[in-house]
Amino acid sequence: MSVGVESPLAPAPGRGKLTGPGIGQGGARAATILRRFGSLIALAALILLNLALTPHFATMQTLSVNLTQICTIVIVGVGMTLVIATGGIDLSVGSLMAIAGALAPGFFTGALFHGTNLYVNIALSIIVPVGVAGLFGLFNGWLVSHFRIQPIIATLVLFIAGRGIAQVWTNGDLQVFKMPEFQAIALGHVLGVPFQVWIMLALVVVSAWILRRTVFGRQILAVGGNEPAARLAGVPVSRVKRLVYVASGLCSGIAGLIVIAMNSAADANLIGMGMELDAIAAVAVGGTLLSGGRATIVGTLIGAMIIQLVRYTLLANGVPDSAALIAKAVLIVFAVWLQRQERA
Amino acid sequence: MSVQPLLSMRGIDKSFGVAPALIGASLDVMPGEVMALIGQNGAGKSTMIKVLNGYCGKDGGDITFDGKPWAAASPQAAQRSGVSTIFQEINLIPFRSVTENIYLGREIRNAAGFLKWRSMHEGARALLAAFAVNIDVGAPLGHFSTAIQQMVAIARAVSFNAKLVIMDESTSSLDEQEVGVLFQTIRQLKAQGVSVIFVSHKLDELYKVCDRVTVMRDGRTVAVAEMTEMTKLQLVACMLGRDLADVRKQGATAFSTAAHAAGAEILVVDHLAVGRRVSDARLSIRKGEIVGLAGLLGSGRTETARAIFGADDHQAGSIRYDGRPVRFREPREAIAAGLGFCSEDRKHEGIVPGMSVRENLTLALLPALSRSGVVDETRQRQIVDRFIKDIGIKCASPEQPIRELSGGNQQKVLLARWLCMNPKLLIFDEPTRGIDVGAKAEIQKLIRRLADDGLGVLMISSEIEEIVEGADRTFVLRDGATVAEFDRSTASEHALMSVMAHGEGA
């Protein structure tokens, strides 16, 4: 931009901006509040609406059902939030869930590993599949950071191939099992709350803390906020990108195990089907900027809750599931519209 | 002489937001004339072209083209009416064939609406043959060299019966031979009676191919002359806004001009080659010294600085830092060694707009501010508060998003980002561009203070008085090579401009 000749008597920079509220500041403040707490307000409104409309809403049963419904979405959504915070996207999450889910039964059916100690077998059946999903996540991150492939294309590779790998691994067969000690990760209860909900909450708290307090977390947001600037400030951009895809892979692996534990069966064709879109929807509704640079993990949890609660409200009040899908779409459009408003 | 100009732009005003980009600018082009349009970054050349070809509207002024009032609604409309623009980045489709690119948007169809490929191929071939380009018109455009792609773009322009072709830095990505071919084409256009507006930063080129020159500065047209009537030195002086008769003026900058003691050499760069832009850059910096890096736009200053900092790779040459040879592969490595780099492009390479002043200030320092990966927020706040006070950053609070700050204050935050690292060498690329007068003086003073404290400083600037008054020593780049070195006693605006224009030492 050209710099005109300015008078040395001009006010010092920034001063005009600081003193006195400018025009439209009230509106800007309202927008800020809506941005920060919009999803929370929406959730509260939905709960109030249900308390008024839906019979037997305020029960532990309702809470349990709804939380169990969103568990896997939120767990995958945590990883997805980190990826989206860097300006990326991970389409492969559902396929990675399938891979982890297809691998796990092998450890306690003895198909993969003949351990004598039951708990060693169960530990392996958790660690190995989650680790493998993490490695596939590393592959995604490597494609994105090393070859600079657009994330949507890079993760499309495993979106397609990942489910294929899971199917080849299981010969396309359904693996049915009964292993209460393993299935406790989904079906067990602690303090009356399903164990998987505890896993979800733990992941949300830990990753929200990482994003907020650690160097890694701030670097994620810097990369998403302005990648060239982050690089020139010494942020290891490639490593940050690789790690968020690894995180997304690990989260997907955990979600895959919860799914098979709930079903007492691993079906590579179905585990995590459509999960990428549910997770992205939760992230978007939760208030994370899809172009990167601003992210909220708790928002993703709230986003998933809102989507689930809208669906539940409609179902509980006799609206068919097909119509609930439309409501979900409207919700996403509204959330994205809200994001665009504040950018303008 | 009663030949009417083909194009006449008079009193053109244009503002983007509050910033004026054009202030009563004018431009005349005669039929069959090649007009050079030159100026520094932000002088208004591009805006002028955009107003002409309908990319954006004008706020005031008149345009007459071919005897009629002119108002193009879009570059496409302008093209149909006889004004074609060939942009710096060729805006054709590399994956489609040459023919398709030439006929894009006006394909020849038969009665049933199907494409008549054969006549299109023939047409494309004939068109290119007129420019002595014989290529397979069925092959994707991307298969050919940049020069050929330029020719295709020009051929496409001509096939619209263009009366005026605008070339915006067309030669910047061409090698010498390709430039020759392009000039041949321009002469051919001229012979056909087509006028050309030629935007370039390479002065030598202008003399080879242009008839007249229009110089712009700060949104105004400051000179129009026959190419042969202006020396290179006059052109440079005109672009930079310096009066040749009066280049010795008293301090316009906040740099004190006293001599400064300098310490040991901290950086020595020799025979550096980076991409197409830098072929043989040489410079050295001592501790406690501000070294100026001068040169015209496109002379390779930023590329040299980025290569030193490890942001771009270099192909040849050596860099010695603190006595040992280095080759930083990433900025991170350079930072670890004690370097810092303030980019000329604050918005795209400096600030992280959504983050707070606090976070922007400590972005580079974060790893050192943490205990096992967790940010020590108490220490972070202390450091941020100290720098906000020390260098006078005006912000509502450290938590204010940096994008809400003025340019000068953003620049101070970026400066503080490096200062809190205790660097040994700082590179400033246009440290005061786009910053108001008050903040500019503060930043210049600060840079001087840093050097006096023993820091090595490399300062790139397009403002010649900033270099002359601020730098202890100055290296001048011209077309990617260091052509001269000055110290305080020899550096003058006249001497610097002379070297920028001609290349040989003054």
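In this text the structure is predicted, and so the values were computed from the model without any measurement. (Residues numbered from 1 in each chain as written. Chains lettered and ligands numbered in written order. Predicted model: local features only at pLDDT ≥ 70, side-chain atom pairs only at ≥ 80, totals over all residues.)

A. Representation of the overall build of chain B. Per the secondary structure count, chain B includes 17 helices and 22 strands. Here the C-alpha radius of gyration of chain B, 25 Å, is about what a compact globule of 506 residues would show, namely 23 Å. Along the longest, intermediate and shortest principal axes, the C-alpha atoms of chain B span 75 × 55 × 45 Å. Taken over 506 residues, chain B has a buried fraction of 49%. A sequence separation of at least 24 residues applies to 68% of the contacts in chain B between residues at least 6 apart. (Helix = DSSP H or I, 4+ residues; strand = E, 2+ residues; numbered from the N terminus. Rg over C-alpha atoms; globule rule 2.2 N^0.38 Å. Buried ≥ 20, exposed ≤ 12 C-beta atoms within 10 Å, placed from the backbone. Contact = placed C-beta atoms within 7 Å.)

B. Inspection of the environment of V240(A) at higher detail. All names here are of chain A. Among the secondary structure elements, V240 is positioned in helix α12 (residues 237-263). In the structure, V240 is positioned 98 residues away from L338 in sequence and 29 Å away in space, judged by C-alpha atoms. Not counting chain neighbours up to four residues away, the residues in contact with V240 comprise T86, Q219, I220, V223 and V235.

C. How the structure looks around the interface of chain B and chain A. Taken residue by residue, the interface counts 45 residues in chain B and 33 residues in chain A. Listing elements by their share of the side of chain B that touches chain A, those giving two or more residues are β2 (19-29), α10 (331-336), α11 (346-349), β18 (374-375), α14 (407-419) and α15 (437-452) of chain B. Considered class by class, the residues forming the side of chain B that touches chain A number 23 nonpolar, 14 polar and eight charged. (Nonpolar A, V, L, I, M, F, W, Y, C, P; charged D, E, K, R; others polar.)

D. Looking closely at the packing of helix α4 (residues 93-103) of chain A against helix α7 (residues 151-169) of chain A. All names here are of chain A. Where α4 contacts α7, the axes come no closer than 8 Å and their chain directions differ by 15°. The orientation of α4 relative to α7 falls into the category roughly parallel. Crossing of α4 against α7: the hand is left-handed. Every residue of α7 that contacts α4 at S95, L96, A98, I99, A102 and L103 is listed here: L158, F159, G162, R163, I165, A166 and W169. (Axes fitted to C-alpha atoms, helices over the stretch in contact; angles between N-to-C directions. Parallel < 35°, antiparallel > 145°, perpendicular 65-115°, else oblique. Left-handed = near helix turned anticlockwise from the far one by under 90°.)

E. Expanded view of the sheet that holds strand β1 (residues 7-16) of chain B. Residues and elements named next belong to chain B. The strand order across the open sheet formed by four strands is β2-β1-β4-β5, and the pairing between neighbours is antiparallel. At either end of the open sheet lies a strand with only one pairing partner, and these are β2 and β5 (68-69). Pairing geometry for β1 and β2, over seven bridges, is antiparallel. Paired with S15 across the two strands is P20, which belongs to β2. (Pairing = 2+ DSSP bridges.)

F. Structural detail: α14(B). Its 13 residues give α14(B) an end-to-end C-alpha distance of 18 Å, which sits within 8% of 18 Å, the value for a rise of 1.5 Å per residue. In terms of burial, α14(B) is a largely internal element, 13 of the 13 residues being buried. (Expected span 1.5 Å × (residues − 1).)

G. The arrangement of α7(A) in detail. Residue and element names in this part refer to chain A. Between its first and last C-alpha, α7 extends 26 Å over 19 residues, near the 27 Å set by a 1.5 Å rise per residue. At A161, α7 shows its maximal bend, which comes to roughly 30°. When we look at burial in α7, the residues that qualify are P151, A154, T155, L158, F159, G162, R163 and A166. Immediately downstream of α7, the backbone of N171 shows phi near 55°, a positive value. (Bend = angle between axes of the 7 residues up to and from the residue.)

H. Focus on the sheet that holds strand β8 (residues 195-199) of chain B. All names here are of chain B. Pairing in this open sheet of six strands is mixed, and the strands run β6-β7-β8-β3-β9-β10 from one edge to the other. Bordering the open sheet on either side are β6 (83-86) and β10 (220-226), each of which pairs with just one other strand. When strand polarity is set aside, the average angle formed by the axes of neighbouring strands in this sheet is 20°. Two strands pair when backbone bridges link them, and strand β9 (residues 212-217) and β10 are joined in this way by six bridges, in the antiparallel orientation. Bridge pairing in β10 places V215 opposite A223. In this fold helix α5 (residues 146-159) packs onto β6 and β7 (164-168), with an angle of close to 170° to the strand it touches most, β6.

I. Expanded view of the nonpolar core. Of all hydrophobic cores here, the largest spans 247 residues; its most connected members are I75(A), V165(B), F198(B), V457(B) and L496(B). With near-sequence residues (within four places) excluded, L496(B) lies in contact with A294(B), I464(B), I467(B), V468(B), T474(B), V476(B), F486(B) and A491(B). (Core = buried A, V, L, I, M, F, W, Y, C linked by C-beta atoms within 7 Å.)

J. Local environment of unusual backbone geometry. Even without glycine at this site, S264(A) takes up a positive phi of about 55°. Structurally, the position occupied by S264(A) is in the loop between α12 and β4 (265-266). The class of S264(A) is partly exposed, set by 17 C-beta atoms lying within 10 Å. Backbone geometry places S372(B), a non-glycine residue, at a positive phi of 40°. Structurally, S372(B) can be placed in the loop between β17 (370-371) and β18. Overall, the presence of 6 C-beta atoms within 10 Å leaves S372(B) in the exposed class.

K. Representation of the packing of helix α6 (residues 118-146) of chain A against α7(A) within the structure. All names here are of chain A. For the pair α6 and α7, interaxial distance at closest approach is 8 Å and the crossing angle is 150°. Considering the relative orientation of α6 and α7, their crossing is right-handed. Contacts from F136, F139, N140, L143 and V144 in α6 reach P151, A154, T155, V157, L158 and G162 in α7. Classifying every residue of the contact of α6 with α7 by side-chain character gives eight nonpolar, three polar and no charged.

L. Local environment of the confidence of the model for chain A. Residue and element names in this part refer to chain A. Summing up the model confidence of chain A, the mean pLDDT is 85 and the portion of residues at 70 or higher is 87%. Predicted confidence in chain A is weakest over helix α1 (residues 15-18), with a mean pLDDT of 37, and strongest over α12, with 96. Confidence over residues 1-25 falls short of pLDDT 50; this stretch has 38 contacts with residues more than four positions distant or in other chains. (pLDDT = per-residue confidence, 0-100.)

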